[in-house]
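Chains, contacts and geometry: an overview
Here's the letter readout for the chains.
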Amino acid sequence: MVKDHPHRSKVVVVGGGIGGLTAAALLARRGYQVSVFDQAYLPGGCASSFRRRGFAFDVGATQVAGLEPGGIHHRVFEALDMPVPPAAPCDPACAVYLPGQREPISLWRDHLQWRQERQRWFPGSEPFWQLLQTLFTASWAFQGRDPVLPPRTLKDLVGLIKALRPDTLVTVPFALSTVGDALTWCGLGKQENLRQFLDLQLKLYSQVEAADTALLYAATALGVTQAPRGLFHLEGSMQVLPHQLLRGLQRWGGKLYRRHRVEQILVTGGQAQGVVVRDLRTGRTWDEPAQEVIANTTVQDIVQLLGEAAPRGYRQRVDRLPPASGAFVVYLGVKAAAIPPGCPPHLQFYYDPAGPIAENNSLFVSVSRPGDGRAPAGQATITASSFTDPRPWWSTCDYPALKEHYTQTALARLGQFFDLAPEHLLYHEAATPRTFAKFSGRHQGIVGGIGQRVATFGPFGFAQRTPLDHLWLVGDSTHPGEGTAGVSYSAWTVVEQILS
Ligand SMILES: Cc1cc2nc3c(=O)[nH]c(=O)nc-3n(C[C@H](O)[C@H](O)[C@H](O)COP(=O)(O)OP(=O)(O)OC[C@H]3O[C@@H](n4cnc5c(N)ncnc54)[C@H](O)[C@@H]3O)c2cc1C
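1. Things to note about the packing of aromatic side chains
All chains considered together, the criterion is met by 26 aromatic pairs. Note on F57 and Y331: the rings are 5.9 Å apart at their centroids and 55° apart in plane angle, and the pair reads as tilted. Within this pair, whereas F57 is found in strand β4 (residues 55-58), its partner Y331 is found in strand β15 (residues 326-335), the two being separated by 274 residues in sequence. Y331 matches F57 in its accessibility class, with the two residues each being buried. Relative to Y406, the ring of W393 has its centre 4.7 Å away and its plane inclined at 65°; by these criteria the two rings are edge-to-face. Here the residue W393 occupies a position in helix α12 (residues 390-395), and Y406 occupies one in helix α13 (residues 399-414), the gap between them amounting to 13 residues. Judged by its relative accessible area of 10%, Y406 falls in the buried class. Taken together, the ring pairs in this structure connect F50, F55, F57, Y331 and Y427 into an aromatic cluster. Over the face of the ring belonging to W252 we find R29, whose NZ or CZ atom lies 4.3 Å from the ring centre.

Structure representation (C-alpha cells):
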C-alpha cells in the first residue's frame, strides 16, 4: 500500500459486501471522502449473518482465509489500524465424505498430516500433489507482490513484470492447463475417488468441476488450507467481519447508507460521474456525484447499472459468460444432541456419484462450535448449502413447492449424519436464488463469480479497471475470484490503482 494521500476526492461505493467495505475503508484511511450505499439493512452481502430465535446463521460464507499474519484480511486490518477479529483455525479445513464412505477424507492443516491422509486415500497421486505445491508456492509469492491482473494499462503491465521472479517462470507452462490435464499427465485420469474429491473441493472455490478448473487457480485454492495459512472460523458470526470493516470505515470518516439502492451509474464522455441513489425507506431518489465510483456488484449487475452507457464490447463479453451457479441453503437451529461427538466444523457430502455436483448433488455443511456465539448453550447451528441452477427458480410456476422439495431433500440427507429427530430440530429456514437476489442484490441470485476456467481466470478474467474512466469493479467477478479473501484482494488492488 502506498503512503498516505490526504485529500478529499469523493468516492461512491455501490454495495457494502466484503469487497466494497474493504475498498471503502482503505480509501477513507487514505483521506478520501467515501460513501457506501447498500440496499440491504445489514452490510456484508454473502458474508453476513442473520438472527432467528437466539441463533446467528451465517448467510453464505462460513470459513475465512487470509486472517493469519500476512494474509489479506490481516493486512487490511493492519492498514486500518484495527484489531483482527478473533478466529480459530479449522483443522481439518473440511471433512469430505465421498459417496458410500463412512470415513471422511480430512483436509488437515498440518502438511505432514495432510500428506499422509492423501497418500492413504489416493495411492500413487503424490506427483500430482507435488506439482500443485510447486505451483502454489510460486503463485502465492507472485500474488503477494500485488500484481494487477488482468493488466489494462502500461503501468499495470510494468507492475506485473516487476512482480515476476525467476521462480514464477515455473508457472508459465501451466497457465493454460486445467486440473483435468494435470491428472492425465500424472496417470490419474481414472482415479475416481480423487476426481470426486477434487470436484467437491474445487467447485466450492472455482464454480466449476476439477476437469475444467484452471490448474494455477486450483493450486492456490487447495494450497491455502495448509499452515501457516489455513481456513478460520470467526468468533461470534460471519457478521463480525463486515462489522469490523464498517468500524474501520467509520473510524476514518467514511459513511455507510443502509437500505439505499444505487439504480444507475452516471456516465458522461466515457467517464463515471456518480450514481443515482434511492432511499428504500422513503422512496426518494437523487444524483450523487463522485470522482470515483466503485461497484461491488457482479459484472452482470454493473452492466445493468450502466444501461445504455455500457460499452458494447464489455456487454457482449458479459453476455457470453457461461451460466453462473446459484445456491440453495438450509439453516438449522438444533439441540447439541443432534451433532455427533467429535464432529468437524466443516463437512462435504457427495450423493449420486453418477451425477455432476452442479445441481443439488452435494452439501457443504458448517456446524457451530460450543461457545462460538452462534447458538445458546446446549444448542448449535447447522448450515448446509448446495449448488443449483438459478434459472428454474425464476421460471417455476410453483416456487413454494420447489423450495419445499429442496428443503425436504436437504433435511433427509442431513438426517443421515445428524440426529434430526423432531425434538432436536428447533428451527429451520431455507434460502434460494430468489432469496439471494433479494438480500444481496445479485442478478438472479447468482453467487461465486464468473468461474475459474482457463478462459476466465486471472489474466483472462474481468479487470477491476472497467473500460469507463473512474469506474471500478470489486468483488468475486474479478481476480482472484470468490471468497472473502479473494474479494479483499480485488479491493486492495483497486485502492492501489486509485491511489497511484
Ligand atoms: C452459500 C455460500 C457459501 C459460501 N461460503 C464461503 C466460505 O465459506 N468462505 C468464503 O470465503 N466465501 C464463501 N462464499 C463466497 C463469498 O461469500 C463471496 O464470494 C463474497 O462474500 C462476495 O463478496 P462481494 O464483495 O463480491 O460482495 P457481495 O457479498 O455480493 O455483496 C454485495 C453487496 O452489495 C449490495 N448491493 C448489490 N447491488 C447493490 C445496489 N445496486 N445498490 C446498493 N447495494 C447493492 C448488496 O446488498 C451486498 O451487501 C460463499 C458464498 C455462498 C453464496
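That shown, we press on.
2. Re the sheet that holds strand β19 (residues 425-431)
The strands that make up a sheet are held in pairs by hydrogen bonds between backbone atoms, and each pair lies either parallel or antiparallel. Here seven strands make up an open sheet; going across it, the order is β8-β7-β16-β17-β18-β15-β19 and the pairing mixed. Two strands bound the open sheet, and with one partner strand each, they are β8 (105-106) and β19. Two elements, strand β7 (residues 95-97) and β8, share two bridges in a ladder whose sense is antiparallel. Paired with A95 across the strands is S106, a residue of β8. Packing of helix α7 (residues 192-206) onto the sheet brings it into contact with β7, β8, β16 (346-350), β17 (362-367) and β18 (379-388), and relative to β16 it is tilted by some 125°. Against the sheet, α13 makes contact with β15, β17, β18 and β19, and its axis sits at roughly 55° relative to β15, the strand it touches most.

3. Regarding the side chain of N361
Note that N361 resides in the loop between β16 and β17. Judged by relative accessible area, N361 falls into the buried class, the value being 5%. Looking at N361, its side chain comes within polar contact range of the main-chain nitrogen of D352, at 2.6 Å.

4. Here's the deal with helix α5 (residues 154-163)
Those residues of α5 that fall on the buried side of the exposure criterion are D156, L160 and A163. Along the axis of α5, the buried residues cluster in a sector spanning 60°; they form a single face. α5 presents L154, K155, I161 and K162 as exposed residues on the side facing more than 90 degrees away from its buried surface. Looking at the buried side of α5, the elements it contacts are α4 (126-143) and α15 (484-499).

The rules we used
- Residues numbered from 1 in each chain as written.
- Predicted model: local features only at pLDDT ≥ 70, side-chain atom pairs only at ≥ 80, totals over all residues.
- Heavy atoms only, no water.
- Phe/Tyr/Trp six-rings, centres within 6.5 Å; stacked < 30°, edge-to-face > 60°.
- Helix = DSSP H or I, 4+ residues; strand = E, 2+ residues; numbered from the N terminus.
- Buried < 20%, exposed > 50% of the residue type's maximum accessible area, 1.4 Å probe, protein only.
- Lys NZ or Arg CZ within 6 Å of the ring centre and 35° of its normal.
- Pairing = 2+ DSSP bridges.
- Contact = heavy atoms within 4.5 Å.
- Axes fitted to C-alpha atoms, helices over the stretch in contact; angles between N-to-C directions.
- Polar contact = N/O pair within 3.5 Å; in protein donor to acceptor, adjacent residues only side chain to side chain.
- Arc of directions from axis to C-beta.

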